[in-house]
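The residues making up each chain are set out below.
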Amino acid sequence: MTPLDAAPPGPPPRLGWTRFSSPPRFHALCTRLLPVLWTLAALLSLAGLVLGLGVAPTDAQQGEVYRILFVHVPAAWIGMVCYLAMAFWGGIGLAFNTRLAFLVMRALAPTGAAFTALCLWSGALWGQPTWGTWWVWDARLTSMLLLLFLYAGFLALVSAIDDPRRADRAGAVLALGGAVNVPVIYGSVLWWNTLHQGASITPRGASMAAPMLWALLACSLGLWAYAAAAVLSRARTLALERERGAEWVRRLAEAKR
């Protein structure tokens, strides 16, 4: 018997993403996706590092230090998108009282916080030789730091409330309120005069050599696969913890003995 067979009896599930709103079906989906995601994360990240460190040429203006951007840029993207996804699933949970939406919201927070911290740390490593300082109160940097504080506040809030349902709702409200900061991060280099450089990749094209672009693409896909795997792993664990008294969890535990 596979984990998917452990789904509770009832009418045939509807097609579409809503069929996985059931915790046992979601658990089965995660179990099938995770090996693929971890493999992609390892292979694509390795390819990105090989391309970024061994194939991409030295930048004419920044020298070798620009290679930090192969990690810095994807980390910034993932940190911002994870927060928007956290707010989205929090809104779904508030609107439809969906337990699984709150679990995904919670699972996104640690991964988003980690990548936001990685973005700030790698940015400081790049900024010191480029700008001559580790930190400036630049609009992009300050709004990114605020994003890290929002993640930390979310994690502290849901941990401080004993009732999981109340914690879910409080966290969702905070996530929705803080989501306004993400457009500010994205538009800060356009709206204000900042030290931070503008986007190197736009709908009109990329202002970098092809080997640099391929390296950035590979690193980005690898880190995205890692982030997805980390979020799904955590969501699966949270689902098991919340549903530990359910029959499908007991059957799953017995099947692994």
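Just so it is clear, the model here is predicted, and its values are computed rather than measured.

Cut-offs and rules
- Residues numbered from 1 in each chain as written.
- Predicted model: local features only at pLDDT ≥ 70, side-chain atom pairs only at ≥ 80, totals over all residues.
- Heavy atoms only, no water.
- Salt bridge = Lys/Arg side-chain N within 4 Å of Asp/Glu carboxyl O.
- Helix = DSSP H or I, 4+ residues; strand = E, 2+ residues; numbered from the N terminus.
- Buried < 20%, exposed > 50% of the residue type's maximum accessible area, 1.4 Å probe, protein only.
- pLDDT = per-residue confidence, 0-100.
- Contact = heavy atoms within 4.5 Å.
- Axes fitted to C-alpha atoms, helices over the stretch in contact; angles between N-to-C directions.
- Left-handed = near helix turned anticlockwise from the far one by under 90°.

Caption draft 1: Representation of the pattern of salt bridges within the structure. A full pass over the atoms with the stated rule returns three salt bridges. With a closest N to O distance of 3.1 Å, Arg242 and Asp168 form a salt bridge. Highlighted residues: Arg242 in helix 7 (residues 210–242) and Asp168 in helix 5 (residues 164–178), separated in sequence by 74 residues. Assessed through its relative accessible area of 30%, Arg242 is described here as partly exposed. Residues participating in the shared-partner salt-bridge network are Arg106, Asp168 and Arg242.

Caption draft 2: A look at the confidence of the model for the chain. Averaged over the chain, the pLDDT score is 84; the fraction of residues at 70 or greater is 81%. Contacts of residues 1–15 to residues separated by more than four positions or lying in other chains number 19 contacts, the stretch itself having pLDDT below 50.

Caption draft 3: Spatial organisation of the packing of helix 3 (residues 99–131) against helix 5. Following both chains from N to C, one finds helix 3 and helix 5 inclined at 65°, their axes separated by 10 Å at the closest point. When you trace helix 3 past helix 5, the crossing you get is left-handed. Mapping the contact onto sequence places Arg99, Phe102, Met105 and Arg106 in helix 3 and Pro164, Arg165, Ala167, Asp168, Arg169, Gly171 and Ala172 in helix 5.

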